[in-house]
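A closer look at the structure
Chain by chain, the residues run as shown.
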Amino acid sequence: PRRVVVLISGNGSNLQALIDAQSHGELGGEIVAVISNQPNAYGLKRARDAGIDAVVLPHREYESREAFDGALIKVIERHEPDLIVLAGFMRILSPIFVQRFYGRLLNIHPSLLPAYQGLDTHARVLADGAKEHGASVHFVTEELDGGPVVIQAALEITEDDSVETLKNKVHSREHLIYPIAVKWFLEGRLRLGAEGATFDGVPLPPQGMR
Ligand code: GAR
């Protein structure tokens, strides 16, 4: 089976969605390792409970971003992954890292990219009085939150929405779209080419599948 390494920093609810898809035979591959830069990430327990190798790589113990990324590359390569999935991994990756795994790196971001790159997306969306919000899966490139979008799920913002309700709504969308994107990649349908993301050889629009 195709091999997947998942990088996390926290709760790991997206990791759980991927684990659940795998246990239903719907992932198209096998999660062979979960790596966290945070020793107390709850997602580590989710991995262990599913019998997946859970590795802690505390970024604080490294002198520089490059040193940490170098160590991370080594741990990842030990697992010979076909795909590396960032699932709430809250570290910026250096160009060396991105280049090493170029075309094999997916991230999920809590907004309808290219809108609301960066942090605190739910609060910023609310503050702007935006009408819609959502989640995006995208290929990771050297441009932070700027790589080609693969799939998006949109939701309508209602008057009584708060940061908390938006966070929950976005999460439920994320849990739907991430396993789909991973499956497409592992089946060889989704690729990152010179022109951007393609699906069955056809270039995806800027917003990906929606
Ligand atoms: C998710 O909402 C994901 O989109 C976001 O962190 C959350 C992780 O939740 N990622 C980013 O903000 C990346 N900059 P989880 O740990 O429960 O999967």
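The rules we used
- Here the residue numbers are simple positions, counted from 1 along each chain's written sequence.
- Totals for whole chains, interfaces and linings use all residues, but because this is a predicted model, local features are given only for residues with pLDDT of at least 70 and pairs of side-chain atoms are given and counted only at 80 or more.
- Computation of side-chain values covers all heavy atoms of the structure but excludes hydrogens and water.
- UniProt positions are given in the numbering used here, feature names are shortened, and annotations may be inferred rather than shown by experiment.
- A 1.4 Å probe that fits but cannot get out identifies a cavity on a 1 Å grid over protein atoms alone, an open set with protein on both sides within 12 Å along at least five of seven lines counts as a pocket, and a residue lines either if it has an atom within 4 Å of a point.
- We call two residues in contact when some of their heavy atoms are within 4.5 Å.
- Counting from the N terminus, the helices are the DSSP runs of H or I reaching at least four residues and the strands are the DSSP runs of E reaching at least two.
- By nonpolar core is meant a set of buried Ala, Val, Leu, Ile, Met, Phe, Trp, Tyr and Cys residues that side-chain atoms within 4.5 Å join together.
- Note on exposure labels: buried denotes an accessible area under 20% of the residue type's maximum, exposed denotes more than 50%, and partly exposed covers the range between, all computed with a 1.4 Å probe on protein chains only.
- Near residues are defined by distance, with any heavy atom within 4 Å of the molecule or strand qualifying the residue.
- For the purposes of these results, a polar contact is taken to be a pair of N or O atoms within 3.5 Å, where, inside protein, one atom must be able to donate a hydrogen and its partner to accept one; residues adjacent in sequence count only when each atom of the pair is a side-chain atom.
- Surface accessibility follows the Shrake-Rupley procedure with a 1.4 Å probe radius. Residue values consider only the protein chains on display as shielding.
- Pocket occupancy is defined atom-wise: a molecule lies in a cavity or pocket when more than half of its atoms are within 2 Å of its grid points.
- Following the grouping adopted for this structure description, the nonpolar residues are Ala, Val, Leu, Ile, Met, Phe, Trp, Tyr, Cys and Pro, the charged ones are Asp, Glu, Lys and Arg, and the polar ones are all others, Gly among them.
- Classification of ring pairs uses Phe, Tyr and Trp, with its six-membered ring standing for Trp, and accepts pairs whose centres are within 6.5 Å; under 30 degrees between planes counts as stacked, over 60 as edge-to-face, and the remaining range as tilted.
- We call a charge positioned over a ring when the NZ of a Lys or the CZ of an Arg lies within 6 Å of the ring centre and within 35 degrees of the ring normal.

**Quick notes on the UniProt feature "binding site: (6R)-10-formyltetrahydrofolate" (unreviewed entry) in the protein chain**
- This chain's UniProt record puts "binding site: (6R)-10-formyltetrahydrofolate" (unreviewed entry) on Arg65, Met90, Arg91, Ile92, Leu93 and Asn107. Lining the largest pocket, from the set of annotated residues above, are Met90, Arg91, Ile92, Leu93 and Asn107.
- When sequence neighbours within four positions are dropped, the list of residues in contact with Arg91 reads Asn37, His59, Arg65 and Phe68.
- The topology assignment puts Ile92 in the loop between strand 4 (83-86) and helix 4 (95-100).

**Some thoughts on the nonpolar core**
- If you look at the biggest cluster of nonpolar residues, it comprises 44 residues, and the most contacted ones within it are Val6, Ile31, Leu106, Val137, Val150, Tyr178 and Val182.
- Looking at which element gives the most residues to this core, the answer is helix 6 (residues 163-186), with 9 residues.
- Not counting residues up to four positions away in its chain, the partners in contact with Val150 are Leu106, Val137, His138, Phe139, Ala181, Trp184, Leu190, Leu204, Gly208 and Met209.
- Grouped together as the second largest cluster of nonpolar side chains are 22 residues, Val5, Ile35, Val75 and Phe89 included.

**Comments concerning the site of the ligand**
- All residues adjacent to the ligand are Asn11, Gly12, Ser13, Asn14, Gly88, Met90, Ile108, His109, Pro110, His171 and Glu174.
- At 3.5 Å from an oxygen atom of the ligand is found a main-chain nitrogen or oxygen belonging to Pro110.
- In isolation the ligand has 450 Å² of accessible area, and contact with the protein removes 86% of it.
- For the ligand, the cavity whose grid points lie within 2 Å of the majority of its atoms is the largest pocket.
- Mapped by element, the contributors of at least two residues to the shell around the ligand are helix 1 (13-23), strand 5 (105-109) and helix 6.
- Tallied by class, residues from the shell around the ligand come to 3 nonpolar, 7 polar and 1 charged.

**Observations concerning the packing of aromatic side chains**
- The final tally for this structure, using the stated rule, is 4 aromatic pairs.
- With a centroid separation of 5.1 Å and 65 degrees between ring planes, the pair formed by Phe97 and Phe101 is classed as edge-to-face. Across this residue pair, the class does not change: Phe97 and Phe101 are buried.
- Ring geometry for Phe139 against Phe185: centres 6.3 Å apart, planes inclined by 65 degrees, an arrangement best described as edge-to-face. With Phe139 in strand 6 (residues 132-139) and Phe185 in helix 6, this pair connects stretches of sequence that are 46 residues apart. For the pair formed by Phe139 and Phe185, the shared burial category is buried.
- A cation over a ring is seen here: Arg91 above Phe68, with NZ or CZ 5.3 Å from the ring centre.

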